[in-house]
Amino acid sequence: MRILKYLCILAVIGGLAGVAVLGGLVWHFSKDLPSTAGLKDLRLQVPLRIYSADGALIGEYGAERREPIAYADIPEPLIQAFLAAEDDRFFEHPGVDYQGLLRAVWMLILTGEKAQGGSTITMQLARNFFLSSEKSYIRKFREILLAIDMEKRLSKQEILSFYLNKIYLGHRAYGIGAAAKVYYGAELQDLSLAQMAMIAGLPKAPSLYNPISGPQRSLLRRNYVLRRMKQLNYISAAQYKAALEVPITAQLRRSVIDLEANYVAEYARARIINQYGVQAYTSGISVRTTIDSAAQRAAVAALRDNLREYDRRHGYRGAEAQYGELGEELDQLSEERLNSLLGPILEEFEPVGKLVPGIVLELDEQSVRVYAVDAGFVDLALDQQDWPALTKSLRRGDLVRLASLGPGQWQLAQVPEVQGALVALDPDNGAVQAMVGGFDYFASKFNRASQAQRQPGSAFKPFIYSAALENGFTPASVINDAPVVFHDPALGGAWRPENYSGRFYGPTPVRRGLVKSSNLVAIRLLDAMGIDTAREYVTQFGFAKERLPRDLSMALGTGVVSPLEMAQAYAVLANGGQAVKPYLIEEVRDAEGGILHQATPATVCRANCPVRRLSGDDAGEPAELVLPEAPRVISAANAYVISDMLHDVIQHGTGVRARALGRTDLAGKTGTTNDQRDAWFCGFNAAHVAVAWVGFDDISPLGAKETGSHAALPMWMKYMDQVLKGTPAQRLPQPAGVVSARINPQTGLLAAYGSADAKFEIFIEGHLPEVDPSMSLSRQHGEPGTRSSTEDELLEDIF
């Protein structure tokens, strides 16, 4: 009894000492513990996301890919899968599972190893938010203290929601929403039970149990999670058996982009970072651009098809690489052996503009067999490839490119060296509806649509002609298309300009001069009105004066502009004379959906000025925003007359190929610079402006006959054909201030009634030509005979 008494006393003393020690430890380690009080207000890092006008994701920027999901939106089987894998007593313990800790201690005593950590979901969350990943008893103790404190401040649902949105799940995926997108390209609610179990198995070791990096280990881990779910009665035996039989379906979605618009995304990203700083990468800002998904897809396809067609016209340049030294009869190998042998080689060559790499296995004079990882074995008839001297260039082991023409259909291709750009605007407000700055953004990030400064050539002439109309000329004015020598020091002395054809056509009406793109007519008009007068006038279209030469070559488009600037200028003609400013960012919102920025573009008012209805302000209330009216920079009459002349460019002039589109509302102008270094087509109807450009980055010549109508117009046509398909013809109505009169086409002067060769022409009111003095001032009246007529009577007949 005495011994028992001593033992009891010792036990009490030991217990009190243990409590004291534990209390001391708690006090010591609690002093510098981070506060969990701010967790409710914590914002998870969410990347910057950029969308099209219709909600398609076009860009995502940030170190962590995250899709925050509200607890109510998390599927119950996914919650159960995580509980089964990580903490099945989560809803029962107070943040620390003492049973789990005791099991971990017991295993440590038995084995001497830390086989089990005993961490609950709350403890894992505490470690992820506040502590390092260092494995030590001190860190574990601090983890326990933080977990208990978190359980006091947050509900179980809040803790689990934080955990499922915070946890790292491999391949830059943070949280279950991002993991679903990265591995399966799906929303959470669309995942199967097997896929949910796969994701739930990742937190233990995201790199080790990753279905991409370690498929077999991840399969074992997934099956363990399913087995635990069955043991906990979360799923039935039948569900368990069915899920076990599901193969691994995960594929790494490096990009969850819905719409290919990389040049647009980068354009918007740069402006957002400039405005909001680098914190925009983590603060969950979302940007809605003006880009129309259908228009953007059409633009990408039109540009790539056009550049590939140009490339084929100029011949096959040869293989990107040669692997004839492989030393095996490649065509005799099994597909499995080819994969292991050629797969690592082909992985070194990324697809460029959707042109996939492949290796030539065998060929003869009629056909070639190519192997590509993305296409398998492809047999191609050489006579259908449309490549000059192709059969003499190919060799076994050549690395070539394949272009998809549809399911199971392929064509030999090569990455074009030539580049291009296409940009489209809404002429009523300047909204950029499509923008492509090159063949492939990842091959060249230089955005030629907005950054390139190239000579527009004859595509600039409409603005010289608009200035001429403003300075007394008319579409009927006759200009002598004849050789001339200008003595201009700015041009190096004597300058003898010529037309592209090398021919001269004598007296030429202004309309015909624009339709046929006469250089001499444009130069003489500029010379007649004065360089400074015209130079000042054309800046109203948005051109920078300092980039326009102060000499007569300006008439031929020797200044430098970007395709985006050309689209802005043509929008003035398309909308009837009002200046709109191109803009790309429609709306910027913070992580909570509050509006940070809303575009208020100056807009053309057709009838009543438009009212933009916002989706909601910070308080969630709908709001209305009245947009300012775009300033008028040229008269509606001037814009209409120039547009009518540009309509004739397509009907009868250098843009006549566009008649193949079968539309009556198109207007535009070709542009070609010296030695065919730049090729343009700029065109529009009343609802859509598009500009296409083709050229080499080093300003090399495009080649003989590669004019605007041959190299750029096909791109514009393919784009407009898709964008305008099914839409009615849209031409601006004739405005007040435009009159129609009969003229003598030889002189451009007003013709008398009944003149056999007279034709109608339109004029800006107040700028009518004089009456042709060679015309008789008399007219026939039924019975034979004539009578004198006053000039007023003659004018009645003319109109």
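Residues numbered from 1 in each chain as written. Predicted model: local features only at pLDDT ≥ 70, side-chain atom pairs only at ≥ 80, totals over all residues. Heavy atoms only, no water.

### Some thoughts on a nonpolar patch on the surface
Piece 1. Among the surface-exposed residues, M1, I3, L4, L7 and L10 lie close enough to one another that they form a single nonpolar patch of about 620 Å² accessible area.
Piece 2. Along the chain, the position of M1 falls in the segment before helix 1 (2–30). (Patch = residues over 30% accessible without salt bridge, like charges linked within 9 Å, V, L, I, M, F, W, Y side chains within 5 Å. Areas by Shrake-Rupley, 256 points an atom, 1.4 Å probe, with all protein chains shown as cover. Salt bridge = Lys/Arg side-chain N within 4 Å of Asp/Glu carboxyl O. Helix = DSSP H or I, 4+ residues; strand = E, 2+ residues; numbered from the N terminus.)

### Side note on the pattern of salt bridges
Piece 1. Applying the stated criterion to the full structure yields 32 salt bridges.
Piece 2. E86 is the partner of R221 in a salt bridge, and the nearest nitrogen-oxygen pair spans 3.5 Å. Of this pair, R221 sits in helix 9 (residues 215–231) while E86 sits in helix 2 (residues 76–86); the two residues are 135 residues apart in sequence, bridging distant segments of the chain. For the pair R221 and E86, one class covers both residues: buried.
Piece 3. A salt bridge links E417 to R317; its shortest N-O distance comes to 3.3 Å. Placement of the pair is E417 in the loop between strand 11 (409–413) and strand 12 (419–425) and R317 in the loop between helix 12 (293–313) and strand 6 (321–322), with a sequence separation of 100 residues.
Piece 4. Linked through salt bridges whose partners overlap, the residues forming this network are R49, E60, E67, K181 and E187. (Buried < 20%, exposed > 50% of the residue type's maximum accessible area, 1.4 Å probe, protein only.)

### Here's the deal with helix 11 (residues 262–276)
Piece 1. For helix 11, which comprises 15 residues, the first-to-last C-alpha distance of 21 Å matches the rise-based estimate of 21 Å (1.5 Å per residue) to within 8%.
Piece 2. The complete set of buried residues in helix 11 reads N262, Y263, V264, A265, Y267, A268, R269, I272 and I273.
Piece 3. Where helix 11 ends, the next residue or the one after it, G277, has phi of about 85°, a positive value. (Expected span 1.5 Å × (residues − 1).)

### Structural notes on the sheet that holds strand 19 (residues 595–598)
Hydrogen bonds between backbone groups are what pair the strands of a sheet, and the pairing can be parallel or antiparallel.
Piece 1. Ordered in space as 2-1-5-18-19, the five strands form an open sheet in which the pairing is mixed. Because the sheet does not close on itself, it has two edges, and the strands there are strand 2 (57–61) and strand 19. In this sheet, neighbouring strand axes are inclined to one another by 15° on average, regardless of whether the strands run parallel or antiparallel.
Piece 2. Alignment of strand 1 (residues 48–51) against strand 5 (residues 286–289), held across three bridges, turns out to be parallel. Looking at strand 5, one finds that Y51 is bridged to R288. (Pairing = 2+ DSSP bridges. Axes fitted to C-alpha atoms, helices over the stretch in contact; angles between N-to-C directions.)

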